[in-house]
Amino acid sequence: MRRSRRAFLAATGASGLAATAGCLGFLETERATREPPLPENRPDAAYVPSHVEGMEMAGMQTRGRYGCALSYTFPHRFWLVRGSDTDRVNVRGEDDVHLMASVWDAESRLVLPEANVTIEHTGPESETSSLTPWQMLSQQMGVHHGDNVELGPEGNYDVTVSVVPPTTRRSSAESASTDRVEFDFSFTFDRATLDDLPFEDIPADREGSEGAVDPMDMQSATLSQAPSAEEFPISVRGTGETGGAELVVATTGEFGDLAGDGETYVAASLRTPHNRFVLPSAALSATVDAGGERVFDGDLTPTLDGDAGYHYGAVVPTGEDLESVTVSVDTPPQVSRHEGYETAFFEFSDVSV
């Protein structure tokens, strides 16, 4: 077993966090000197990327209600999203690592896509730098915050991840603190360990095909996966494929502290195909008909629920049986993309159930 692999397993064992990608067991032992070229003729859908990387875990902590995991891997290209356009960010010569923070609610086990995250790191020469990582979506980690980072010389680094919990609406009336929480980590950076991380160049006959690589297995932390349609805790009215994503539309007469007697709650769960990662920071709206008339025409609000996960929902002021629900994605998910997702989730059509 290679040295970095032992370190990775030791770190995850100490924290109770297993973070190995499903296909990392048979990765190549030599890292490519640069990223493989992008697959040709990429589809306007989720596709198998050109390569898969391992990662080094710096640690995982819980502070009161919130948890955070810090990890890093090779610097790599990614895409920023601005409206319906993407801007590719290439690796710079000074980039040392791709630094990633995952943040979740330790009580509900939900990843918090809309948290505000900043990272400050101090190196062996006592120089301190800070960054605000991008909200990102990858096929292995789902929603997280990350960026390519110049660290500096090899040695020990102290890292503080500051998290301002999101004000995303919750299904319960409980008050969740939105005060800043800080997580402190320390790790030793050396390029030999980084270069020794697993790296798989995916075969040409598979890369670029519609699909996705397996997500990580995170036991003590959590991934931003939505429940399957079969396991969704609210009565599913129907599902549809739109923009390369899956949309699950569900309704219920009572929902947490949001909907009660004489009301209906409408939930729209927008997720990636294959891995069911939630697609946050989009704008959704809906029309609802009941009793022969239009009873709702408005926006769906991002909502966190311990069972339904991150979704978009609205309270409809009627207790009658609904006749139809039409959901529109008005603005694509404004989340940066790792390779394999940068061509998907932009051109949406309405879904009616």
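Residues numbered from 1 in each chain as written. Predicted model: local features only at pLDDT ≥ 70, side-chain atom pairs only at ≥ 80, totals over all residues. Heavy atoms only, no water.

Enquirer: Even after reading the chapter, I still don't get unusual backbone geometry, so can you show me in this structure?
Expert: Negative phi values dominate among residues other than glycine, just as trans dominates among peptide bonds. Residues other than glycine seldom take positive phi values, yet Arg109 does so here, at roughly 70°. Checked against the element boundaries, Arg109 lands in the loop between strand S7 (97–105) and strand S8 (110–111). Taking the relative accessible area as the measure of exposure, Arg109 reaches 35% and is therefore partly exposed. In this structure, Arg276 is a non-glycine residue whose phi angle is positive, near 60°. Along the chain, the position of Arg276 falls in the loop between strand S20 (264–271) and strand S21 (283–290). Overall, the relative accessible area of 28% leaves Arg276 in the partly exposed class. (Helix = DSSP H or I, 4+ residues; strand = E, 2+ residues; numbered from the N terminus. Buried < 20%, exposed > 50% of the residue type's maximum accessible area, 1.4 Å probe, protein only.)

Enquirer: I keep staring at the sheet that holds strand S10 (residues 128–131) and nothing clicks. Help me out?
Expert: In sheet architecture, strand pairing relies on hydrogen bonds along the backbone and comes in two forms, parallel and antiparallel. Read from one edge to the other, the open sheet built from four strands follows the order S10-S9-S13-S15, with strand pairing classed as antiparallel. Unpaired on one side and paired on the other, S10 and strand S15 (181–189) mark the two borders of the sheet. Taking each pair of neighbouring strands and ignoring which way they run, the sheet shows an average axis angle of 20°. Two elements, strand S9 (residues 116–122) and S10, share four bridges in a ladder whose sense is antiparallel. In the strand pairing of S10, Thr122 is matched with Thr128. (Pairing = 2+ DSSP bridges. Axes fitted to C-alpha atoms, helices over the stretch in contact; angles between N-to-C directions.)

Enquirer: Got a minute to help me understand the pairing of strand S22 (residues 293–305) in this structure?
Expert: Within a regular beta strand, the side chains point alternately toward one face of the sheet and then the other, so they alternate between its two faces. Across two bridges, the pairing between strand S14 (residues 169–170) and S22 is parallel. Looking at S22, one finds that Arg170 is bridged to Leu304. In the sheet, S21 pairs with S22 via seven bridges, with the strands oriented antiparallel. By the bridge assignment, Leu284 is partnered in S22 with Leu300. The hairpin turn running from S21 into S22, its antiparallel successor, is two residues long, and Gly291 in that turn takes a positive phi close to 60°. The sheet contact formed by S22 and strand S23 (residues 309–316) spans five bridges and is antiparallel. Paired with Thr303 across the strands is His311, a residue of S23. Connecting the antiparallel pair S22 and S23 is a turn made up of three residues.

Enquirer: Where do I start with the confidence of the model for the protein in this structure?
Expert: Any segment with low pLDDT has predicted coordinates that should not be analysed in fine detail. For the protein, per-residue confidence averages 89 on the pLDDT scale, and residues scoring 70 or more make up 89% of the total. Note that pLDDT drops below 50 for residues 1–33; the model gives that stretch 71 contacts with residues more than four away or on any other chain. (pLDDT = per-residue confidence, 0-100. Contact = heavy atoms within 4.5 Å.)

Enquirer: Any chance you could explain a negative patch on the surface here in plain terms?
Expert: A cluster of acidic residues, Glu120, Asp158, Glu182 and Asp184, forms a negative patch at the surface. Locating Asp184 in the fold gives a position in strand S15. The exposure class of Asp184 is partly exposed, given its relative accessible area of 43%. (Patch = residues over 30% accessible without salt bridge, like charges linked within 9 Å, V, L, I, M, F, W, Y side chains within 5 Å. Areas by Shrake-Rupley, 256 points an atom, 1.4 Å probe, with all protein chains shown as cover. Salt bridge = Lys/Arg side-chain N within 4 Å of Asp/Glu carboxyl O. Lys, Arg positive; Asp, Glu negative; His and termini not counted. Charge placed at Lys NZ, Arg CZ, Asp CG, Glu CD.)

Enquirer: Help me understand the pattern of salt bridges, please; the structure alone is not making it clear to me.
Expert: A side chain with one charge may pair with a side chain of the opposite charge, provided their charged atoms come close. Applying the stated rule across the entire model yields twelve salt bridges. The residue Glu94 makes a salt bridge to Arg92 at a minimum N-O spacing of 3.8 Å. Here Glu94 falls in the partly exposed class, since its relative accessible area comes to 37%. Residue Arg92 is classed as partly exposed on the basis of its relative accessible area, which comes to 42%.

Enquirer: Got a minute to help me understand the nonpolar core in this structure?
Expert: Buried together is how nonpolar side chains tend to be arranged in soluble globular proteins. By size, the foremost hydrophobic cluster in this structure holds 68 residues, and its most contacted members are Val161, Leu270, Leu284, Leu300 and Val327. Tallying contributions element by element places S15 first for this core, with five residues. For Leu270, the contacting residues outside a window of four places in its chain are Ala245, Glu246, Leu247, Phe277, Val278, Leu279, Leu284, Tyr312, Val329, Pro333 and Phe348. Counting nine residues, the second largest nonpolar core, distinct from the first, contains Met55, Trp104, Val111 and Met141. (Core = buried A, V, L, I, M, F, W, Y, C linked by side-chain atoms within 4.5 Å.)

Enquirer: It is not clear to me how the pairing of S20 should be interpreted in this structure. Could you clarify?
Expert: Counting buried positions over the eight residues of S20 gives eight, a clear majority of the element. Neither face of S20 is exposed, since Thr264, Val266, Ala268 and Leu270 on one face and Tyr265, Ala267, Ser269 and Arg271 on the opposite face are all buried. Sheet topology note: the strand S19 (residues 245–252)/S20 ladder contains seven bridges and is antiparallel. Paired with Leu247 across the bridge in S20 is Leu270. Strand direction decides the pairing type here: S20 and S23, joined by five bridges, are antiparallel. Its bridge partner being in S23, Ala268 is matched across the sheet by Tyr312.

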